[in-house]
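Structural characterization, general
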Amino acid sequence: MSLVQTENLAKIYGSGETAVTALDRVNVKIDAGEFVAVMGPSGCGKSTLLHLIGGLDRPTSGKVCIENVSLGDLSDDKLTELRRRKIGFVFQFFNLIPVLDAVENAALPMMLDGAKAAQAKARAREWLTRVGLENRLHSRPDQLSGGQQQRVAIARALVAEPALVLADEPTGNLDTRAADEIAGLLRQVAEAWGRSVVMVTHDPRIAAYADRIVFLKDGTVVDETRLNSQNGNGAQVIRGKMNALAE
Amino acid sequence: MKIQLTLAARYLWGRKLRTFLTTLAIIFGVFVIFGMNILLPTMTHAFETSVLNASGQVDVLVTNKSGEAFAPSIMHRIESIPGVQALSGNLERTINIPANYYRSGSVGALSLIGIVPRDAQQVRDYTMQKGRFLQNTDTRAAIITSSLADTLKLELGDELSIPTVNGAVKLKIVGIRAAQTLPGNEPVWLTLNEAQKLLNAPNRINTIEIKLDTTDAAQRTAISNAIAATIGDEYQLGGLASGSEFMASLQTAQQIFNLMGFLALFMGGFIIFNTFRTIVAERRHDIGMLRAIGAGRRTIIGLFLFEGLLQGVVGTAIGMALGYGLGVLIVEGTRGIYQQFLHMQLGAPVIEPGLVLLTIVLGVGVTLLSGLVPAWNASRVTPMEALRPNVVTVETRRRLNKWTIVGIVLMVAALVGLLSQNISLVALGGFAFLVGLALLAPALVKPIAQVFGAMLGFIFARDGAAELAQGNLTRQPSRAAITASATMIGLAILVAAVGLISSITGGINTLLEKTLGSDYLLVPPSIGVWGSDVGADETLAERLRSVYGVSAVSTMRFATTTVGDQTINLLGIDPVEFPKVSGLNFSEGDPNTAFEQLAKGRGLILNGVGATTLKLHAGDAIKIPSPEGEQTYRVIAVASDVLNTKITSAYISQENLKRDFHKTEDVFMQLNLAPNANRAEVDARLQEIVARYPQFKLVSGAAYLNEMRSLYTTSFSAFYILLGILALPSLIAILNTLAIGVIERTREIGMLRAIGATRKQVRRTILAEAILLAAMGTAFGLLAGLYLGYVMTLGLNASGLYPLQYSFPYAGVVAAVALGLLFGVLAAILPARQAARMDIIQALRYE
Ligand SMILES: Nc1ncnc2c1ncn2[C@@H]1O[C@H](COP(=O)(O)OP(=O)(O)OP(=O)(O)O)[C@@H](O)[C@H]1O
Ligand SMILES: [Mg+2]
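As the structure is a prediction and not an experimental result, all values here were calculated from the model.

**Remarks on the side chain of Thr359 of chain B**
Residues and elements named next belong to chain B. Residue placement: Thr359 occurs in helix H11 (residues 353-379). Within the structure, the side chain of Thr359 is placed 2.5 Å from the backbone oxygen of Leu355, a separation counted as a polar contact. Those residues in contact with Thr359, other than ones at most four positions away along the chain, are Val30, Phe34, Thr316 and Met320.

**Looking at the packing of aromatic side chains**
All names here are of chain B. Taken as a whole, this structure holds eight aromatic pairs over all chains when the rule is applied. Taking the centre distance of 6.1 Å and the plane angle of 90° together, the rings of Tyr126 and Trp189 count as edge-to-face. In this pair, Tyr126 sits in the loop between helix H4 (117-123) and strand E4 (130-131) while Trp189 sits in strand E8 (residues 186-191), placing the two residues 63 residues apart along the sequence. On the basis of relative accessibility, which here comes to 8%, the residue Tyr126 falls in the buried class.

**Describing a nonpolar patch on the surface**
Residues and elements named next belong to chain B. Taken together, Leu822, Val825, Leu826 and Ile829 make up a surface patch of nonpolar side chains, about 320 Å² in accessible area. Tracing the sequence through the fold places Ile829 in helix H25 (residues 810-837). The partly exposed category is assigned to Ile829, whose relative accessible area is 44%.

**Some thoughts on the site of ligand 1**
The environment of ligand 1 is formed by 13 residues, the closest being Ser42, Gly43, Lys46, Ser47 and Thr48 of chain A. Lying at an intersection of chains, ligand 1 is approached by residues of chains A and B. In the model, an oxygen atom of ligand 1 is placed 2.5 Å from a nitrogen or oxygen of the Ser42 of chain A side chain. Interatomic distance of 2.7 Å between a side-chain N/O atom of Lys46 of chain A and an oxygen atom of ligand 1. Expressed as a share of its isolated accessible area of 630 Å², the protein-covered part of ligand 1 is 64%. Elements with a contribution of two residues or more to the shell around ligand 1: strand E2 (20-26) and helix H1 (46-53) of chain A. Broken down by element, the shell around ligand 1 gets its largest block of residues, three residues, from H1 of chain A.

**Regarding the environment of Gln219 of chain B**
Residues and elements named next belong to chain B. Mapping Gln219 onto the fold places it in helix H7 (residues 217-231). The exposure class assigned to Gln219 is partly exposed, which follows from its relative accessible area of 43%. Put simply, Gln219 and Gly83 are 136 residues apart on the chain and 8.5 Å apart in space, counted from C-alpha to C-alpha.

**Here's the deal with the interface of chain B and chain A**
Contacts between chain B and chain A engage 27 residues on the former and 30 residues on the latter. Summing the contributions of chain B and of chain A, the shared interface buries around 2,700 Å²; its carbon and sulfur component is 64%. Applying the counting rule to chain B against chain A returns four salt bridges. Seen at the junction of chain B and chain A, the total is eight residue pairs in polar contact (both at pLDDT 80 or more). Contributing elements (two or more residues each) for the side of chain B that touches chain A: helix H1 (2-14), helix H9 (284-292) and helix H10 (297-342) of chain B.

**Here we look at the pattern of salt bridges**
Taken as a whole and judged by the stated rule, the model has 34 salt bridges over all chains. In this structure, Asp59 of chain B engages Arg220 of chain B in a salt bridge whose closest nitrogen and oxygen atoms are separated by 2.9 Å. One end of the pair, Asp59 of chain B, is in the loop between helix H2 (16-56) and strand E1 (60-64); the other, Arg220 of chain B, is in helix H7, with 161 residues separating them in the sequence. Classification of Asp59 of chain B as partly exposed rests on a relative accessible area of 31%. On the basis of relative accessible area, Arg220 of chain B is assigned to the partly exposed category, the value being 24%. The network of salt bridges with shared partners includes Glu34, Arg212, Glu224 and Arg226 of chain A.

**A look at the packing of helix H5 (residues 146-159) of chain A against helix H6 (residues 176-191) of chain A**
All names here are of chain A. Contact pair H5 / H6: the axes reach a minimum separation of 11 Å and the direction vectors enclose 10°. Overall, the two elements H5 and H6 adopt an arrangement that is roughly parallel. Where H5 approaches H6, its residues Gly147, Gln150, Arg151, Ile154 and Leu158 are matched on the opposing element by Glu181, Ile182, Leu185, Leu186 and Val189. Grouping the amino acids of the contact of H5 with H6 by side-chain chemistry returns six nonpolar, two polar and two charged.

**Here we look at a positive patch on the surface**
Residue and element names in this part refer to chain B. Taken together, Arg759, Lys760, Arg763, Arg833 and Arg837 make up a surface patch of like positive charges. Contributions of two or more residues to the positive patch are made by helix H24 (759-799) and H25. For Arg759, the location among the structural elements is in helix H24. Take Arg759: its relative accessible area is 39%, and that puts it in the partly exposed class.

**A look at the sheet that holds strand E10 (residues 212-217) of chain A**
Residue and element names in this part refer to chain A. Strand order in this open sheet of six strands is E7-E8-E9-E4-E10-E11, and the pairing throughout is mixed. The strands lining the two open edges of the sheet, one partner per strand, are strand E7 (87-90) and strand E11 (220-226). If you compare each strand with its neighbour and ignore which way they point, the axes differ by 15° on average. With four bridges connecting them, strand E4 (residues 35-39) and strand E9 (residues 196-200) associate as parallel partners. Bridge pairing in E9 links Val38 to Val200. Along the sheet, H1 contacts E4, E7, strand E8 (164-168), E9 and E10; its crossing angle with E8, the most-contacted strand, is approximately 155°.

What counts, and at which threshold
Residue indices begin from 1 for each chain and proceed along its sequence in written order. To read the labels, note that chains go from A and ligands from 1, taken in the order they are written. Totals for whole chains, interfaces and linings use all residues, but because this is a predicted model, local features are given only for residues with pLDDT of at least 70 and pairs of side-chain atoms are given and counted only at 80 or more. Just so you know, side-chain values use all the structure's heavy atoms and leave hydrogens and water out. Numbering goes from the N terminus for both helices and strands, where a helix is a DSSP run of H or I of at least four residues and a strand is a run of E of at least two. Definition of a polar contact: a pair of N or O atoms within 3.5 Å, with one able to donate and the other able to accept a hydrogen when the atoms are protein atoms, and with sequence-neighbouring residues admitted only if both atoms are side-chain atoms. Pairs of residues are marked as contacts when any of their non-hydrogen atoms sit within 4.5 Å. When two rings of Phe, Tyr or Trp (its six-membered ring) have centres within 6.5 Å they constitute a pair, described as stacked for plane angles under 30 degrees, edge-to-face for angles over 60, and tilted for the intermediate range. Whether a residue is buried, partly exposed or exposed follows from its accessible area with a 1.4 Å probe, protein chains only, as a fraction of its type maximum: under 20%, in between, or over 50%, in that order. Only residues whose relative accessible area exceeds 30% and that take part in no salt bridge are eligible for patches, with like-charged residues grouped when within 9 Å of each other and nonpolar side chains (Val, Leu, Ile, Met, Phe, Trp, Tyr) grouped when within 5 Å. All accessible-area figures derive from a Shrake-Rupley calculation using a 1.4 Å probe, and residue coverage is judged against the displayed protein chains alone. The rule for a salt bridge is simple: a side-chain nitrogen of Lys or Arg has to be within 4 Å of a carboxyl oxygen of Asp or Glu. A cutoff of 4 Å decides nearness: a residue is near a molecule or strand if any of its heavy atoms lies inside that distance of it. We define buried area as the total accessible area lost by two parts upon association, computed with a 1.4 Å probe and summed across both. Axis lines are fitted through C-alpha atoms, for helices just across the contact stretch, and the angle between N-to-C directions can take any value from 0 to 180 degrees. Angular relationships are summarised with four words: roughly parallel below 35 degrees, roughly antiparallel beyond 145, roughly perpendicular across 65 to 115, and oblique for the angles in between. Residues were grouped as follows: Ala, Val, Leu, Ile, Met, Phe, Trp, Tyr, Cys and Pro as nonpolar; Asp, Glu, Lys and Arg as charged; and all remaining residues, including Gly, as polar. For the purpose of charge, His is not counted, nor are the chain termini; Lys and Arg are scored as positive and Asp and Glu as negative. Where a charge lies is defined by one atom per residue type: Lys uses NZ, Arg uses CZ, Asp uses CG and Glu uses CD. Any two strands with at least two DSSP bridges between them are considered paired.

By themselves, these observations are geometric and do not establish any function.
What follows is the structure, given as structure tokens:
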């Protein structure tokens, strides 16, 4: 049974002449513990897909089910609660609250869920240690590098032990080494900690960390590729696919 | 809960300067309200203590409800009540002593107490320090205290001169008592007979002191109740409150201060609202992110309300502390004045629990309320907004959106209301006008910014500062409009008040000429607080009339009465003589027949304050208590004179005053000369007559008019200063929004600097923006202020409180323009510096 399932998911921005079809009848499934990368040219609807899956935005038609619950049937409060408990987000920019330090930022989802501050912070410390930030626990975002901020965001995404982690270009503004660290971390999230991860990226090298790649073009899924040790170097395979799709 | 509080505190702390500036507005409002409201209770308390002291020394005191003297016959009824051991009917009266009356020392007022020696001694203990007690047969004899003797350097056997209705009279000091320990006027005891003669109250008393035959509390209450039942409705247990007229004007003053406090708080609320709106815009990202990771709408609302709450609590606490300081300072500062002129001892500042509660509710409540709408807006921020890069949004509004149209409609309605001349429509129009202007403001920002921007372009060299500033304003017209509105409100209040005051001054000048237009005036020491002025009996007026060359003499007599809680000054005039030398400004009723009607039956002309507080109109009837029982008077007209505008007063005929209140004492006179009179000769003759009545000062009408004019000018200039203080919050508002504007654009300014803008250019941009904003606010403020001033003038005129003539506040307009621009520049200094000094790297990293 899959954790996430979309049915003919469509999103149209605007109306009339200026209408933009960002997603057009997308059907994807994501299994528990699976690491999926979403790729495609700029403007093809990757972020839109992620937002709809995460319940941040409402689709124009079709639906998203998480654990067989259709998000469209939920009230704003219920949806918020679901995001809090089931989903962790890592955004490309501005992940953190500037006035809170690393621990407080990472503890936020649990605090928002009404957990005791001490408990939430202990868990946040644990996750920050796992993502390698044990020395920067009490730094504020403006005292952290971009990569470190991203890692705090990952710790925050994981602290409430969600079933699903959604990351939109988490390595977009990081150098190669930092990007590899983050991608490795997400791989670990899926592999060792059993969470499903959906990651948007442009970088074939980063996408190669995933189990499966979903290719989008003009709002529709044009290809899906499962990576495994049999079909060799993942990055190479992905580049090949991308070139094929570009034609 | 906890996380919201943490976040709120962190955000506030993270922007200390802004938090401080925003809170300042709340502090200011609370400061004014709390400080000013400490004063009145403190003064009331002193007043009550002095009344209490006066009555506290005997078991029971009985007085007439009207406050006036009455026939002693009621004593017989009290005498026969079981438990009453002894009683003494006295005639007591505070008499104002003119300045420099005594050469040997200064005394502001004395308390004359006429007693029947034998009765009095049975009620109280009159131990003498020197000399003897009074005897029934004493005539010009008095007992004084040793403290008064010391002040005036008098010995036993010396003579004490006092002003009386018969002129100055010398009393021989037959006894001296120990210095009085309680605050209040120095008492002078004399026989009741003599007091009745000197005060022109034959066979009248005004207090009955009663001694009971038991000390048992329960029994005493029972006896008091029996007394209360016997004396009926027209009398009361308890002392006479001298100075209640003064308390009334104190109350008016407090109301004015309260109004100012509320306005300041309103401004504070506006500033908070403004700031919160900006904060929400600035934190869209954070909010969206919080929403994305699972913060509910209520959590977001809570976060902002906590921020409001924290600021409200801190601001209120500081404001109250400062307000208390102000209260103490004023109490201490006026202690001497109070003692000297009102003979009351001010105690420590009194803080009523109700006031504390009210202030807290107001201070915190206004902050919370102002934060409510922005908080709600914040809760509507979608998680999606966290995911878009932070670009200061450029507002794209259509030229005519629905609010603009509503604004235009409201303003048109306001103008229609104004033209209708109907007072309630005009008042409603005033409100519509302000709201309409505020709604219209965003649409006006662009054209106004262009006009002023072009003007600024000439002032600043063409380095782009003016253009950039203009661009900054026009891309977010609603924010600019809100800031400009803050200035607008501040200046509108200023201009409106100046308009109102200049109209009042104009009105008062006319009134002064009307009421004080006579050739000569005889004025007592205290104008308006007539109760403690000793007047003259009819002989003085007769003497003055007999002077060759005097064509008319009008006298004014005085009594008080109390309807409900409201003390009313009854002014007795001669319906025939009064209009010859003086006049009233009528707002209701027929001026031509009013005085004639006054002569017929029981009728009165009520002044504006009276008509407003008692809610009466011409033609209504009013029941007023008098020593002769309750009387029904008909309201003939509503009209005011200049001396009694502030206190509830009514004019009745001297005939009625004599019949119902037994008062025939003239406390104020006005004289006119015949056209062909020899001024010098008449003057000399009048001086000679008046010299025998030292309580009066003979002044020429013209001289007195000038004196009064300058008095009004002075008191109004004090009002202007207060207005200036009120305009202060609008300075805070501009400063605030500008500072916020700089904070908000930190990254942008950093970028400007990075691509080569010099510090000077950045500073100039901010300065130009501030001046633009201020100019806009000033323009709005002038418009709104002129309108409001006009509306308030019409309103006050209709209420009859003050007679007014609308006069255009040229001075106010000039002051507002100067202040508006000055504020703009002042407000820009801090943010401009901050922007210019900004570290480029820091600015670019700023989140
Ligand atoms: N709020 C919006 N209003 C209108 N159109 C939008 C909006 N958000 C996205 N779009 C449009 O929808 C399409 C898909 O956008 P989306 O952000 O999902 O693309 P993307 O694949 O994430 O691109 P990128 O790789 O550049 O981030 C684009 O054509 C975009 O212009
Ligand atoms: Mg995207």
